[in-house]
Amino acid sequence: MTLADKVPVESLAPERLERLERRVVAAAGPALARPQRPTLWPWGLALAGAAAGAIAMYAMRPAPPSPAAPPLAVATDARGATLTLGDATILAAPDTAYDVVRADGGVDVRLARGAVHLDVAPRAGRPPLWVHAGDVGVRVVGTAFTVTRAPDDGLVSVEVAHGVVEVHRAGAVSPVTAGQRWSSHDGTVVAVAPSSDAPPPPDPAASSGGRIGDTSTRTGDLATGPAIDVAVLADRDRPTVTPGAGAGTTARATPRNGARPTTGGATAKPDVVPAETPGDLLSEIRREPLPAGTSVATGTAAERVSTLRARLANSVRDEAAAALYTLARLQFVELGKQDEALQSLDLYATRFPTGAERDDAMWLRVRILCGRSFTHKCRAAAHSYVKAFGQDLDLDLLAERAPPRVRLANRVTRQP
Amino acid sequence: MTTQVAYVEDIVLVDRCLEGQEAAARDLFRRHRARVHASLYRILGTNRDMDDLLQEVFVQVFASLRSWRAEASLATWIDRIAVRVAWRSIGKRRARPPEAELADDDAVASEVGGARAAHAREGVRRLYAALATLSPTARVAFALHEIDGRPMAEVAAVTGSSLTATKLRVWRARRALHALAAADPVLREFMSDASGGTR
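Residues numbered from 1 in each chain as written. Chains lettered and ligands numbered in written order. Predicted model: local features only at pLDDT ≥ 70, side-chain atom pairs only at ≥ 80, totals over all residues.

(A) Quick look at the overall build of chain A. Helix and strand content of chain A: 9 helices and 15 strands. Residues classed as buried in chain A amount to 34% of the 416 residues present. Partitioning the contacts of chain A with sequence separation of at least 6, the portion at a separation of at least 24 is 46%. (Helix = DSSP H or I, 4+ residues; strand = E, 2+ residues; numbered from the N terminus. Buried ≥ 20, exposed ≤ 12 C-beta atoms within 10 Å, placed from the backbone. Contact = placed C-beta atoms within 7 Å.)

Here it is in structure tokens:
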């Protein structure tokens, strides 16, 4: 029996729900209404001009230095350590030393030696998180990756588990994506095969009462030691507090200015207001395979394009339709030519409005347009898709008034 | 197919809401009401003020609907707003004694009868009293994962945290609750029966 079974949700009475629905729907109109533009009278314009001038003068004054939190120094012994900075987690390998500096709202992890693995939530408009190792800088938007700095020759490597980072060095910027490694030896980015030595993130959920990072011990690599939590930084990137850092640890987290670290759960005040971060729906959609279309003889992409164009020109209806959809798919997936793929899809819609690949073609159009940006073209493609397949897909959005229905995504919610 | 259907459905539903269609606003509310209610209930442990909280969530949803960019599913986006509302509610309730919060909760009593009901009800009461001692972030993460049954990745998405940070929060909450349960036989028994919920 799970806790969910033992804490059933007490449902609300129907009349209570109806009342609530009326209140919500009544409030929806004003909430959705666009704000009214105020009428600008001439004197208002003059006043606004004067205010703008004053603001410009104020804005152009020298900015005062933003208060920076004191640096935090972390040094690990043979056990490694885990540091939580708000929604970012840093796993340090044994014999690793780094500082955490927060200035201008960002976070800068300065690796002196060893290896750190970072798991960083999307920054969502906040200043970026940086990792510096010598003259190498890694700019993080939201990802998981490992930075290693060799103790002897100072060589730095950056290996990305998921997401993407930018490696900055001597004015050059190298994007490194999931499954790639960058090395300061030659400054190149190479693909890496998944390695059994890859540092897994700690999985505290898998341990009961064990030390944070125990699940990493099989690699003898990162974060086999205690969790470190020091309330030195502020706001969303402030480290959280872990009670009881485990006996026998010599991992240290010391504020550089001598401020006393806070330990033992003393800072119960919430550290994070959940942020508006992008979800992964688009990523999930991008991972979904597209229907393959018709088979084409092997060869280069250009050769297959030629084959498909010839088939389109010389074939009868069904085969030509399949060739056209396959061409659009190839242009998008393999050649990355989105505009050409959209042209092929437009042609498909014109020539084969009832073709067998019609739904796949319309979905491909949604995927291309919405994958670019959330524009009116994306929305129009989505509307067309629903209009074409709403009945087939059991969409009730075309109804004037949708029937009461609750869709629970990915899980079942037990109601008493 | 499920993902793409949900994706285009969300886009069209939001557009219709933005066009001012009352039926669309009602549809949006009905589609997401039960899930949001369940999440709020399992985070807070009570239906007290639930009408106001649900209204607050959905008014915020409609007020912010123009900013939805279809990067997250509409459900995830709404859940983020619900979590923020719950989070603020926890802050407001912290001064209240937990007994007062659960005094009107008949959920468990309606499930089973007699002494067992009272025992189960006491277990729930103590669980939420223990949860009230945690930080709001740990409480929210634990409630969404362990009680609401969401996968860690989904909890991370709706709280805007990394997966690792979410796991740490749940682990810390679990450890703190086990520490409290060690001195509380009723809570210990209640939680020991619920070990199957650990993922």
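So much for the structure itself; the text now carries on.
(B) View of the overall build of chain B. Check the secondary structure of chain B and you find 11 helices and 0 strands. Counting from the amino terminus, helix and strand elements in chain B follow one another as α-α-α-α-α-α-α-α-α-α-α. Here chain B holds 199 residues, and the buried ones make up 57% of them. Within chain B, counting contacts between residues at least 6 apart in sequence, those at least 24 apart form 64% of the total.

(C) Highlighting the confidence of the model for chain A. All names here are of chain A. Residues of chain A with pLDDT of at least 70 account for 64%, and the chain-wide mean is 69. Considering each helix and strand of chain A separately, the mean pLDDT is smallest for strand 14 (residues 227-228), with a value of 46, and largest for helix 7 (residues 338-351), with 92. Counting interchain partners and residues more than four positions distant, the pLDDT-below-50 stretch residues 257-279 has 58 contacts. (pLDDT = per-residue confidence, 0-100.)

(D) Expanded view of helix 2 (residues 22-44) of chain B. Residue and element names in this part refer to chain B. Given a rise of 1.5 Å per residue, 23 residues ought to cover 33 Å, and the 30 Å separating the end C-alpha atoms of helix 2 matches this to within 8%. In terms of residue burial, helix 2 counts as a mostly covered element, since 18 of its 23 residues are buried. Just downstream of helix 2, G45 is the residue with a positive phi angle, here 80°. (Expected span 1.5 Å × (residues − 1).)

(E) Highlighting the confidence of the model for chain B. Residues with a pLDDT of 70 or more make up 85% of chain B, whose mean pLDDT is 84. In the model of chain B, helix 5 (residues 98-102) of chain B stands out as the element of lowest mean pLDDT, 46, in contrast to helix 3 (residues 50-64) of chain B, which has the highest, 94.

(F) A look at the environment of V24(A). Looking at where V24(A) falls in the secondary structure, it is placed in helix 2 (residues 14-32). Exposure remark for V24(A): the 25 C-beta atoms within 10 Å place this residue in the buried category. Leaving out residues up to four positions away in the same chain, V24(A) has contacts with F29(B), Q55(B), F58(B) and V59(B).

(G) Expanded view of helix 9 (residues 376-389) of chain A. Residue and element names in this part refer to chain A. Taking 1.5 Å per residue as the helical rise, helix 9 with its 14 residues ought to reach 20 Å, and the 20 Å between its terminal C-alpha atoms agrees with that figure. Taken residue by residue, helix 9 has C378, R379, A381, A382, Y385 and V386 as its buried positions. Projected onto a plane normal to the axis of helix 9, the buried residues spread over an arc of 160° and lie on a single side. (Arc of directions from axis to C-beta.)

(H) The pairing of strand 7 (residues 136-140) of chain A, seen in detail. Residues and elements named next belong to chain A. Because side chains alternate across strand 7, one face comprises the buried residues V136, V138 and V140, and the other comprises G137 and R139, none of which is buried. In this sheet, strand 7 lies alongside strand 6 (residues 129-133) in antiparallel orientation, the contact comprising 5 bridges. Each bridged residue has a counterpart across the sheet, and for A133 the counterpart in strand 7 is V136. Taken together, strand 6 and the strand that follows it, strand 7, pair antiparallel across an intervening segment of 2 residues, in which G134 is found at a positive phi of about 65°. Both strand 7 and strand 10 (residues 164-169) contribute to a ladder of 4 bridges, which runs antiparallel. Within strand 10, the position partnered with V140 by the bridge is V165. (Pairing = 2+ DSSP bridges.)

(I) The packing of helix 2 of chain B against helix 4 (residues 74-93) of chain B, seen in detail. Residue and element names in this part refer to chain B. At a minimum axis separation of 10 Å, helix 2 and helix 4 run at an interaxial angle of 30°. As helix 2 runs across helix 4, the sense of the crossing is right-handed. Facing helix 2, whose interface residues are H32, R35, V36, S39, L40, I43 and L44, helix 4 presents A75, I78, D79, A82, A86 and S89. Of the residues belonging to the contact of helix 2 with helix 4, the class tally is 8 nonpolar, 3 polar and 2 charged. (Axes fitted to C-alpha atoms, helices over the stretch in contact; angles between N-to-C directions. Left-handed = near helix turned anticlockwise from the far one by under 90°. Nonpolar A, V, L, I, M, F, W, Y, C, P; charged D, E, K, R; others polar.)

(J) Representation of unusual backbone geometry. Residue and element names in this part refer to chain B. A positive phi is found at D49, a non-glycine position, where the angle reads about 65°. Tracing the backbone shows D49 in the loop between helix 2 and helix 3. The exposure class of D49 is partly exposed, given the 15 C-beta atoms found within 10 Å. Not every positive phi belongs to a glycine, and A70 is a case in point at roughly 65°. Tracing the backbone shows A70 in the loop between helix 3 and helix 4.

(K) Examining the environment of V74(A) more closely. Residue and element names in this part refer to chain A. With respect to the helices and strands, V74 occurs in strand 1 (residues 69-75). Classification of V74 by C-beta neighbours within 10 Å gives buried; the count is 23. V74 sits 26 residues away from V100 along the chain, and the two C-alpha atoms are 8.0 Å apart.

(L) Spatial organisation of the nonpolar core. The biggest cluster of nonpolar side chains holds 140 residues, and the ones touching the most others in it are V116(A), V147(A), V158(A) and A328(A). Excluding anything up to four places from it in sequence, V147(A) contacts L111(A), A115(A), V116(A), V131(A), A133(A), V138(A), V156(A) and V158(A). (Core = buried A, V, L, I, M, F, W, Y, C linked by C-beta atoms within 7 Å.)

(M) Main features of the packing of helix 3 of chain B against helix 4 of chain B. All names here are of chain B. Relative to each other, helix 3 and helix 4 sit at 135°, their axes nearing to 9 Å. When the axes of helix 3 and helix 4 are compared, the pair comes out oblique. Every pair of crossing elements has a handedness; the one defined by helix 3 and helix 4 is right-handed. Judged by residue contacts, L53, E56, V57, Q60 and V61 of helix 3 engage I78, I81, A82, V85 and S89 from helix 4. (Parallel < 35°, antiparallel > 145°, perpendicular 65-115°, else oblique.)

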